[in-house]
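Residues per chain are reported as follows:
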Amino acid sequence: MKNLLAIIFITAFNIFISGQNKNTINCKITYLPTIRHESTSTKISKIQAKKIDSLIHLKSYKVDLNDNDLKMLKELYDKEDFQGNKIYKISELTFLILLKEKEIIIDFDRINLFSEKSITDLISSVIDGSPFTLTLNTKNNQLTFTNNFSGMPRLKELREYLIFYSIYNELTFCGNDNELVKNYFGRKNLMKNLIYFMEKLESY
């Protein structure tokens, strides 16, 4: 009888804990070199969870570009390093098409075919900075994204970045006043990731 009660208690406890973890975004950040840790959990409503489930199952992601986006992309397109070489090497034709169409469509299946052969692809995050782990739980899905708020996602992580970008701009997580997170999921950083994606797309 005692064993049966113990099993019932453990089962009920596990269901309770499992229920608590549903419809949440858990954020863990480590601040280097101090090794200070920060953990937060953000509750997701049922309506938001349905939207997020739809995001997770998208095969492609469309970004509509406004005038300010195009201005930022133009600045990135013209940006040079100290030797006078362009940092983002996309062709003039691709850039002109981008200006004309005012949108970027990212095919997630195509990204999965890319090999990560450059040092930028393989080590896109900085050694120090603020590595993080985001864990998203809904009733139907779980998604984990690990990167560095002081770096940028690898090409194959662009899907996860875009999903959490979309969520962040409707539901703030990792605290309301964290500037690192705001900048990482800000519009300017999105444009950097998109132009980097277009550069890689042209090279394959």
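To be clear, the structure that these remarks concern was listed above.
Residues numbered from 1 in each chain as written. Predicted model: local features only at pLDDT ≥ 70, side-chain atom pairs only at ≥ 80, totals over all residues. Heavy atoms only, no water.

A. Layout of the sheet that holds strand β5 (residues 131–137). With respect to topology, 4 strands assemble into an open sheet ordered β2-β1-β5-β6, the strand pairing being antiparallel. The open sheet terminates on both sides in strands that have one partner only, identified here as β2 (36–43) and β6 (142–148). When strand polarity is set aside, the average angle formed by the axes of neighbouring strands in this sheet is 10°. Sheet topology places strand β1 (residues 24–31) next to β5; 6 bridges connect them, and they run antiparallel. Residue N26 lies in a different strand from β5, and its bridge partner there is T135. Each of β1, β5 and β6 is contacted by helix α7 (residues 158–168), which is oriented at about 100° to β6, the strand it contacts most. (Pairing = 2+ DSSP bridges. Helix = DSSP H or I, 4+ residues; strand = E, 2+ residues; numbered from the N terminus. Axes fitted to C-alpha atoms, helices over the stretch in contact; angles between N-to-C directions. Contact = heavy atoms within 4.5 Å.)

B. Expanded view of the state of the cysteines. Overall, the coordinates contain 1 disulfide when judged by the stated rule. Note that C27 is cross-linked by a disulfide to C174, the S-S spacing being 2.1 Å. Judged by the torsion about the S-S bond (105°), the C27/C174 disulfide is right-handed. Here C27, found in strand β1, pairs with C174, found in the loop between α7 and α8 (179–184); they are 147 residues apart in sequence, far enough to count as distant. Assigned by exposure class, C27 and C174 land together as buried. (Disulfide = S-S within 2.5 Å. Buried < 20%, exposed > 50% of the residue type's maximum accessible area, 1.4 Å probe, protein only.)

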